[in-house]
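Letter by letter, the chains look like this.
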Amino acid sequence: MMGKTVSSEENAKLTKWLKSKRHDKGHTMRSLAQLLGTPHSFIGKIENQERRLDVIEFVRYCNALEVDPHEALNLLKVD
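Calculation criteria
As a convention, each chain's residues are numbered from 1 in the sequence order in which they are written. Under the rules for a predicted model, residues below a pLDDT of 70 receive no local features and side-chain atom pairs below 80 are neither given nor counted, while totals for whole chains, interfaces and linings still include all residues. Computation of side-chain values covers all heavy atoms of the structure but excludes hydrogens and water. Two joining distances apply to patches: 9 Å for like charges and 5 Å for nonpolar side chains (Val, Leu, Ile, Met, Phe, Trp, Tyr), and every residue must have over 30% relative accessible area and no salt bridge. The Shrake-Rupley method, run with a 1.4 Å probe, gives the accessible areas here. Residue values count only the displayed protein chains as cover. We count a salt bridge whenever a side-chain nitrogen from Lys or Arg sits within 4 Å of a carboxyl oxygen from Asp or Glu. The way it works is that DSSP assigns letters per residue, a run of H or I at least four long becomes a helix, a run of E at least two long becomes a strand, and they are numbered from the N terminus. Angles here are taken between N-to-C directions and fall from 0 to 180 degrees, while the axes themselves are lines fitted to C-alpha atoms, restricted in helices to the stretch in contact. By definition in this entry, angles of less than 35 degrees are roughly parallel, angles greater than 145 are roughly antiparallel, angles of 65 to 115 are roughly perpendicular, and the rest are oblique. A clockwise turn of the near helix away from the far one marks a right-handed crossing, whereas an anticlockwise turn of less than a right angle marks a left-handed crossing. Throughout, a contact is declared for two residues whenever any of their heavy atoms are within 4.5 Å. Amino acids are sorted into nonpolar (Ala, Val, Leu, Ile, Met, Phe, Trp, Tyr, Cys and Pro), charged (Asp, Glu, Lys and Arg) and polar (every other residue, Gly among them).

1. Looking at a nonpolar patch on the surface
Next up, step 1: Nonpolar side chains collect at one region of the surface, where V55, I56 and V59 lie side by side and expose about 260 Å² of accessible area between them.
Next up, step 2: Summarising the element assignment, V55 is placed in helix 4 (residues 55-65).

2. A few points about the packing of helix 1 (residues 9-24) against helix 5 (residues 69-76)
Next up, step 1: At a closest axis distance of 9 Å, the pairing of helix 1 and helix 5 adopts a crossing angle of 150 degrees. Between helix 1 and helix 5, the angle is such that the two are roughly antiparallel. In this structure, helix 1 meets helix 5 at a crossing whose hand is right-handed. Listed contacts from helix 5 to E10, K13, L14, W17 and K21 of helix 1 are E71, A72, L75 and L76.
Next up, step 2: A breakdown of the residues in the contact of helix 1 with helix 5 according to their chemical character gives five nonpolar, no polar and four charged.

It is worth stressing that arrangement in space is one thing and function is another; only the former is reported here.
Structure follows, in structure tokens:
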């Protein structure tokens with residue numbers, strides 16, 4: 001049985017990747033939040049694994065960072 005995904009290994013990989021991409025693109029939490037039209041606390045909760053992204057939010061997050069969401073999904077693939 002699957003546990004809560006907010007604290008899963010897969011979510012940790014995803015949030016680490018998103019944070020890394022945010023830094024690579026030179027965004028602060030505030031600047032990314034502004035692009036997404038959300039409070040900066042939204043970004044903090046994602047990066048601190050206090051909140052999960054749904055699929056639509058994930059795609060919007062990647063679009064705001066101008067990164068390919070498939071790159072992150074490939075990190076989560078099970079062989």
